[in-house]
Amino acid sequence: MKTNQNYKKLNESYLFSTIAKKVNEYTKNNPDKKVIKLGIGDVTRPLCKSVVEAMQKAVLEMGTQDGFRGYGPEQGYDFLKEKILKYYKKRNINLKLDEIFISDGAKSDLGNILDLFSKENTVLIPDPVYPVYVDTNIMQNRKIIFLEANQENNFLPMPKDDIKADIVYLCSPNNPTGAVYDKSQLEKWVKWAKQNNALILFDAAYECFISDVNLPKSIFEIEGAETCAIEFCSLSKTAGFTGTRCGYTIVKEDLIFDEMSLNKMWLRRQTTKFNGVPYIIQRGAEAVFSEQGQKEISENINYYKKNANIIAETLKKHNIWFTGGIHSPYIWLKCPSNMTSWDFFDFLLEKAAIVGTPGAGFGKNGEGFFRLTSFNTNENTKEAMERLDKIL
Ligand code: PLP
């Protein structure tokens with residue numbers, strides 16, 4: 001029995017375990033200090049009322065003879081897909097029901113989509129980056145070219161004529177940098193993809209944080225994207241589904257590569273290897289798209305955005321360079337006094353009992369940068385920024 005030797009090439013990720021170790025040590029030595037965690041990448045607000053009620057109703061339905069459901073359609077129930085279709089229609093994006101695939105979250109689909117592509121393809125991945133894109137390609141031994149994101153390009157790398165690749169990952173609003181591509185920038189990426197016969201894997205997991213109507217929430221707002229892009233979306237950050245698990249992936253019927261329809265291939269892949277998202281969860285997800293649901297989730301999103309704003313204002317006051325924080329739950333800042341990411345981590349913990357995430361953990365270009373998140377409470381975020389203000 002032979003194993004997949006590519007797993008040996010994966011970098012051990014010590015980022016979050018090292019953070020936990022340092023925080024534990026600090027708490028042990030400073031038992032009376034309240035540590036405030038602004039490194040949280042998970043949501044903290046509870047599910048909204050509409051979602052809870054819809055799921056409760058679905059549970060009761062499942063306990064009746066008439067309402068019981070067994071295996072559902074692998075690609076999701078029409079009642080949810082219809083709501084997503086309307087959600088896109090509001091932005092003048094026309095989808096067909098068969099182009100929407102309900103998933104148990106964006107992470108699974110971002111990894112699973114690679115089943116459709118040859119291992120000979122070259123992938124282009126921004127650095128710094130959400131590590132899933134890198135690791136899933138290492139597992140399949142694909143050649144990776146890193147796309148330099150840095151302060152000069154505001155962490156929004158653009159295509160160059162000499163870059164040749166078959167697949168590119170774009171994430172906007174970005175994790176970890178919070179940076180958001182505008183329409184003209186995404187138009188350039190679509191143009192590049194078409195010229196190079198390449199595919200864009202567009203991660204829109206944080207689209208709900210965009211409040212400027214001029215900024216694209218979806219790659220399909222860009223003309224021509226339907227023949228060169230797949231979009232991954234998630235209710236994790238939109239509606240607090242990180243533990244509930246539901247997302248959706250858009251694979252357009254126009255997407256033909258190598259004489260094969262990616263839509264048909266993805267349907268075949270999902271019907272073979274995936275048995276769908278639970279009915280109860282899909283009813284909860286459906287409620288997210290109701291008028292009342294949208295109102296309720298926006299209260300939570302605004303709660304996080306208020307925190308991001310408090311962080312951003314403090315950084316501005318001290319002339320600290322940052323991206324994100326306006327259309328994103330993440331704030332990506334340049335460590336003051338040219339500190340390294342880990343030096344700044346230690347400084348914040350020791351001097352202010354604040355925990356964030358060192359940028360170096362997201363790739364080599366993250367060195368010297370630091371990620372703060374807006375997922376803590378308003379009170380804690382305010383207190384943390386008062387402390388930061390003092391030590392700066
Ligand atoms: N994409 C990005 C950029 C993320 O940051 C995350 C989660 O943190 C995901 C996808 C995964 O989302 P999901 O919970 O839907 O799997």
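Before going into details, it helps to say that this report is about the structure given with it. Along each chain, residues carry numbers from 1 onward, in the same order as the chain's sequence is written. Reporting in this predicted model follows two pLDDT cut-offs: at least 70 for local features of residues, and 80 or more for side-chain atom pairs to be given and counted; totals over whole chains, interfaces and linings ignore these cut-offs and use all residues. Side-chain numbers come from the whole structure's heavy atoms, not from hydrogens or water.

## Some words on the site of the ligand
Right, so step 1: By convention in these notes, a residue is near a molecule or strand provided one of its non-hydrogen atoms lies within 4 Å of it. In the vicinity of the ligand, 14 residues are found, and the nearest of them are Ala-106, Asp-203, Tyr-206, Ser-234 and Ser-236.
Right, so step 2: Under this definition, polar contacts are N or O atom pairs within 3.5 Å; protein pairs additionally need one hydrogen-donor-capable and one acceptor-capable atom, and for neighbouring residues in sequence, both atoms have to be side-chain atoms. In this structure, Ala-106 approaches the ligand through a main-chain N or O atom, which is 2.7 Å from an oxygen atom.
Right, so step 3: Within the side chain of Ser-236, an N or O atom sits 2.5 Å from an oxygen atom of the ligand.
Right, so step 4: Coverage of the ligand by the protein amounts to 91% of the 400 Å² it exposes when considered alone.
Right, so step 5: A majority-of-atoms criterion places the ligand in the largest pocket.
Right, so step 6: Secondary structure elements follow DSSP: runs of H or I of four or more residues count as helices, runs of E of two or more count as strands, with numbering from the N terminus. When contributions to the shell around the ligand are tallied by element, the ones reaching two or more residues are α4 (106-112) and α7 (236-239).
Right, so step 7: We call Asp, Glu, Lys and Arg charged. Ala, Val, Leu, Ile, Met, Phe, Trp, Tyr, Cys and Pro are nonpolar, and the rest, Gly among them, are polar. Of the residues assigned to the shell around the ligand, the class counts are 6 nonpolar, 4 polar and 4 charged. Per-residue and other accessible areas follow the Shrake-Rupley method at a 1.4 Å probe size, with only the shown protein chains counted as cover for residues. Whether a set of points on the 1 Å grid over the protein atoms alone is a cavity depends on a 1.4 Å probe fitting there but being unable to get out, while an open set qualifies as a pocket with protein on both sides within 12 Å along at least five of seven lines; lining residues are those with an atom within 4 Å of a point. A molecule is said to be in a cavity or pocket once over half of its atoms fall within 2 Å of that pocket's grid points.

## Comments concerning the state of the cysteines
Here, the word disulfide means a covalent bond between the sulfur atoms of two cysteines.
Right, so step 1: In what follows, a disulfide is any cysteine sulfur pair within 2.5 Å. Per the counting criterion, the structure on display carries 0 disulfides.
Right, so step 2: Sulfur of Cys-48: no disulfide; nearest cysteine sulfur belongs to Cys-208 and is 12 Å away.
Right, so step 3: The thiol sulfur of Cys-228 is not disulfide-bonded, and the nearest other cysteine sulfur, from Cys-171, lies at 17 Å.
Right, so step 4: Per-residue accessibility, obtained with a 1.4 Å probe over protein chains only, is compared with the maximum for each type, and a residue is labelled buried under 20%, exposed over 50%, and partly exposed between these values. We classify Cys-228 as buried; its relative accessible area is 2%.

## Comments concerning the nonpolar core
Right, so step 1: Here, nonpolar core refers to any group of buried Ala, Val, Leu, Ile, Met, Phe, Trp, Tyr and Cys residues whose side-chain atoms link them within 4.5 Å. Trp-189, Trp-192, Ile-200, Ile-219, Phe-241, Cys-246 and Tyr-248 are the most contacted members of the largest nonpolar core, which has 70 residues in total.
Right, so step 2: Three or more residues apiece are contributed to this core by two domains, here domain 1 (5-47 + 292-391) and domain 2 (49-290).
Right, so step 3: Contacts: residue pairs with any heavy atoms within 4.5 Å of one another. Non-local contacts of Ile-219, meaning those with residues more than four positions away in its chain, are made with Leu-186, Val-190, Phe-202, Ala-225, Ala-229 and Glu-231. Where each domain begins and ends follows an automated or database-derived domain assignment.

## Looking at the packing of helix α3 (residues 78-89) against helix α9 (residues 279-288)
Right, so step 1: Structural elements are reduced to axes, namely lines fitted to C-alpha atoms, with helices fitted over the stretch in contact, and the angle between N-to-C directions of any two is expressed from 0 to 180 degrees. At a minimum axis distance of 9 Å, the contact between α3 and α9 shows a crossing angle of 25°. Looking at the two axes, α3 sits roughly parallel to α9. Between α3 and α9 lies a crossing of left-handed hand. Every residue of α9 that contacts α3 at Phe-79, Leu-80 and Lys-83 is listed here: Tyr-279, Gln-282, Arg-283, Ala-285 and Glu-286.
Right, so step 2: Within the contact of α3 with α9, the residues separate by chemical class into 4 nonpolar, 1 polar and 3 charged. With respect to orientation, any angle under 35 degrees is reported as roughly parallel, any angle over 145 as roughly antiparallel, any angle of 65 to 115 as roughly perpendicular, and every other angle as oblique. Each helix crossing is assigned a hand: it is left-handed if the near helix lies turned anticlockwise from the far helix by less than a right angle, otherwise right-handed if that turn is clockwise.

Shape descriptors only; they carry no functional weight alone.
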